[in-house]
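Breakdown of the fold
Here are the chains, one letter per residue:
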Amino acid sequence: MTYWAGAARIAAVAASIVLLSPALPAAGVAGLSSGRNPQQNPLQDPQRDPQRDPRRHPTRDLRWGGCAGVDDPALRCAEVTVPLDHRRPRGRTITIAISRLPATDPARRRGVLLTTGGGPGGPGVPLPSSLAPLLSPEVRARYDLIGFDIRFVERSTPIGCGREVEEPGGYWVRTATPGSFPADAAEARAYARDCVRAAGWALPYATTANAARDMDVIRAALGEEKISYLGGSYAGMLGAVYAALFPGRVDRFVLDSPVNPDNAWRPYELDRTPAFEAGTGAFAAWTAERNAVYGLGGTAREVTDAVAGLIRRAATAPLVVGGHAWTSGELGTLLVAGIYDERSFGLVAAAFADIAAGREPYVPFPVRPLPPAGVPGVPADNHTATNMAYRCGDGPWPRDPRDYQRDLASYSARYPLFGPANANITPCAFWPRIKDEPVRLPADRAPGVLVTAALRDVAAPVANSRAVAAGIRGSRLVTIDAHTHAPYPAFGDACLNGQVDAFLTTGTLPPADVAC
């Protein structure tokens, strides 16, 4: 999501380790209309698009086998062929990897529940295995869990930008310092140029709208008239885009802390900068109250200064501790892993305390995404490359460097911790222009969905969830007062989980929004 892209996944892992519980990396309603927009073109309307007729993609054509890199014999995988350019369905094709964990009670099976990773850039194929133990028996009885890697991620025709390692958190970002803007802009331009050289054939087609169109081909290949869906964070945004493009194919959709597609991506990054500062304040206050344990300072200001000081030192020269040279980007990702989820405060505070003291820290998660074990052919920088490809492809980005300089001046003054990173220039300023148009929320064209969120979410502030719920007529919003991201089901709130489980099992939305 920013440094940040993989920090939500890292935070989930960190929190799960603290709680000794599994981590979730990421997530037609009765009585509600599923209207159709008469102005849609065939790319948007599955009922009028023969490429998405289930008869053209029968389930029997899928060849199910083992899943590369997944140690779960119950999970079976297949590949679905989709057009690279959905406007040219008979042109070049790519493959999308999908996985399936069958419903536990065939007699009560309703259909399929699709899910994929956040980011964008997180894998989805392994998710059914990690998600299944966290779901209620009633939900598991009714749905085949279907995971998929979105186009260009890991098992789905992966791309890279020719770099030997991932960026910290799987996201390209540079924190501006006085006088650094020309060098930052040059580095951003060079990254965009390298991506064009390595994956220029793919970049024009790396959009959330195309990932949603791939989802509908998956639906047809599975032989389903409609799909249900659970998506958290970016995957929630993908679900909203699918609902806009294919409203007649929406069954029961749960969008957990979704990014608002109407705000992606530059406005989203700027708008959440205050939440990053507030999240840091909450982490620092918690740590200061435990100064006897961590020794980073007795006030929130002292803790913030101590952590920011380490990151600034690492920007000058990496901090070598325990055989690892910590860069400023890696320390920034470590901090964001802490501020994304209150359950990881202690783990991250302890890591910074150890680094400050020159001790090797206990950091039980990679701050740079690792290549998937057992999955051949994935470029070393696949997660960063796909994250940037989707971000740059989805929304309009300023092309004039002066726009970034103005944002930097404004946001750095108001938000000194994260303004210099979130407002700085990115490779998207130099990205090749994308022909696909951004997809807006579907208003009254789709059935109502269930949106879930935490009120103190830093990664995707709750305003995103409120906008998505309001932008799909008839939807309901369920919130918890917590400092976390994508809370269903791993955060374990009984009220929120109960609302989601009830919707997935009965199809009935709450009569009004719910504040748990």
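None of these values were measured; they are calculated from a predicted model.

Taking 1.5 Å as the rise per residue, helix H14 (residues 401-414) with 14 residues should run 20 Å; its terminal C-alpha atoms sit 20 Å apart, in good agreement. Check the buried side of H14 and you find it contacts helix H4 (181-199), helix H7 (266-271), helix H8 (273-288) and helix H15 (419-422).

Residue position: asparagine 422 is located in helix H15. A polar side-chain atom of asparagine 422 sits 3.1 Å from a polar atom in the side chain of threonine 273.

This paragraph deals with unusual backbone geometry. Note the cis peptide between alanine 264 and tryptophan 265, where omega equals -5°. Take tryptophan 265: it is sitting in the loop between strand S6 (250-256) and H7. Put simply, tyrosine 488 and proline 489 share a cis peptide bond, and its omega is -10°. Mapped onto the elements, proline 489 comes out in the loop between strand S10 (476-480) and helix H17 (494-506). Located in the positive-phi region is alanine 443, a residue other than glycine, with phi close to 55°. Residue placement: alanine 443 occurs in the loop between H15 and strand S9 (450-454).

Let us look at the sheet that holds strand S11 (residues 514-515). A sheet is described by the order of its strands in space; here 9 strands give the open sequence S1-S2-S4-S3-S5-S6-S9-S10-S11, paired in mixed fashion. Of all the strands in the sheet, just strand S1 (76-83) and S11 have a single pairing partner and so form its edges. Pairing of S1 with strand S2 (residues 93-101) involves 8 bridges; the strand directions are antiparallel. Paired with cysteine 77 across the bridge in S2 is serine 99. Docked against the sheet, helix H6 (residues 234-245) engages strand S4 (143-148), strand S5 (227-232) and S6, running at close to 145° with respect to S5. Against the sheet, H17 engages strand S3 (111-115), S4, S6, S9, S10 and S11, with an angle of about 165° to S6.

As a further point, take the state of the cysteines. A complete count under the given rule lists 4 disulfides for this structure. In this model cysteine 392 forms its disulfide with cysteine 428; the gap between the sulfur atoms is 2.0 Å. The disulfide joining cysteine 392 to cysteine 428 has a torsion of about -80° about its S-S bond and is therefore left-handed. Separated by 36 residues along the polypeptide, cysteine 392 in helix H13 (residues 382-394) and cysteine 428 in the loop between H15 and S9 bring together distant segments of the chain. The same class applies to cysteine 392 and to cysteine 428, which are both buried. If one numbers only the bonded cysteines of the protein, in the order they occur, the disulfide pattern is 1-2, 3-4, 5-6, 7-8.

By the element assignment, glycine 322 lies in the loop between strand S7 (319-321) and strand S8 (324-326). Taking the C-alpha atoms as reference, glycine 322 lies 7.8 Å from glycine 358; in sequence the two are 36 residues apart.

All right, on to the packing of aromatic side chains then. Going through the model one piece at a time under the given rule, you end up with 14 aromatic pairs. Both rings, one in tyrosine 411 and one in tyrosine 415, keep their centres 5.9 Å apart while their planes meet at 40°; by these two values the pair is tilted. When its relative accessible area of 13% is taken as the criterion, tyrosine 411 is described as buried. Residue classification places tyrosine 415 among the buried residues on the basis of a relative accessible area of 18%. In this structure, arginine 391 packs its charged tip against the face of tryptophan 265, placed 4.4 Å from the ring centre. In this structure, arginine 414 is placed above the aromatic ring of tyrosine 411, and the distance from its NZ or CZ to the ring centre is 4.6 Å.

With the rule as written, the count across this model stands at 32 salt bridges. A salt bridge links glutamate 269 to arginine 391; its shortest N-O distance comes to 2.5 Å. Of this pair, glutamate 269 sits in helix H7 while arginine 391 sits in helix H13, and the two are 122 residues apart along the sequence. According to the relative accessible area criterion, glutamate 269 is buried, its value standing at 3%. Assessed through its relative accessible area of 0%, arginine 391 is described here as buried. What you see here is one network of salt bridges that share partners, running through Asp105, Arg108, Glu138 and Arg142.

A few words on the confidence of the model for the protein. Of the residues in the protein, 88% have a pLDDT of 70 or more, and the chain-wide mean is 90. pLDDT under 50 marks residues 1-5. Its contacts with residues more than four places away, or in other chains, come to 45 contacts. Residue range residues 16-60 is modelled with pLDDT below 50. Its contacts to residues more than four positions away, or to other chains, number 114 contacts.

Now for the nonpolar core. By size, the foremost hydrophobic cluster in this structure holds 90 residues, and its most contacted members are Leu114, Phe148, Leu255 and Trp431. Here this core gets 10 residues from one element, more than from any other, and that element is H6. Excluding residues within four positions of it along the chain, leucine 255 makes contact with Tyr229, Gly231, Gly236, Gly239, Ala240, Val449, Leu450, Val451, Thr452, Val468 and Ile472. Core analysis: the second largest hydrophobic core is formed by 34 residues, Phe276, Val321, Val367 and Ala459 among them.

What follows is about the side chain of threonine 115. Structurally, the position occupied by threonine 115 is in strand S3. Within polar-contact distance, the side chain of threonine 115 engages the backbone oxygen of leucine 230 at 2.8 Å.

Rules used in this analysis
Residues numbered from 1 in each chain as written. Predicted model: local features only at pLDDT ≥ 70, side-chain atom pairs only at ≥ 80, totals over all residues. Heavy atoms only, no water. Helix = DSSP H or I, 4+ residues; strand = E, 2+ residues; numbered from the N terminus. Expected span 1.5 Å × (residues − 1). Contact = heavy atoms within 4.5 Å. Polar contact = N/O pair within 3.5 Å; in protein donor to acceptor, adjacent residues only side chain to side chain. Pairing = 2+ DSSP bridges. Axes fitted to C-alpha atoms, helices over the stretch in contact; angles between N-to-C directions. Disulfide = S-S within 2.5 Å. Buried < 20%, exposed > 50% of the residue type's maximum accessible area, 1.4 Å probe, protein only. Phe/Tyr/Trp six-rings, centres within 6.5 Å; stacked < 30°, edge-to-face > 60°. Lys NZ or Arg CZ within 6 Å of the ring centre and 35° of its normal. Salt bridge = Lys/Arg side-chain N within 4 Å of Asp/Glu carboxyl O. pLDDT = per-residue confidence, 0-100. Core = buried A, V, L, I, M, F, W, Y, C linked by side-chain atoms within 4.5 Å.

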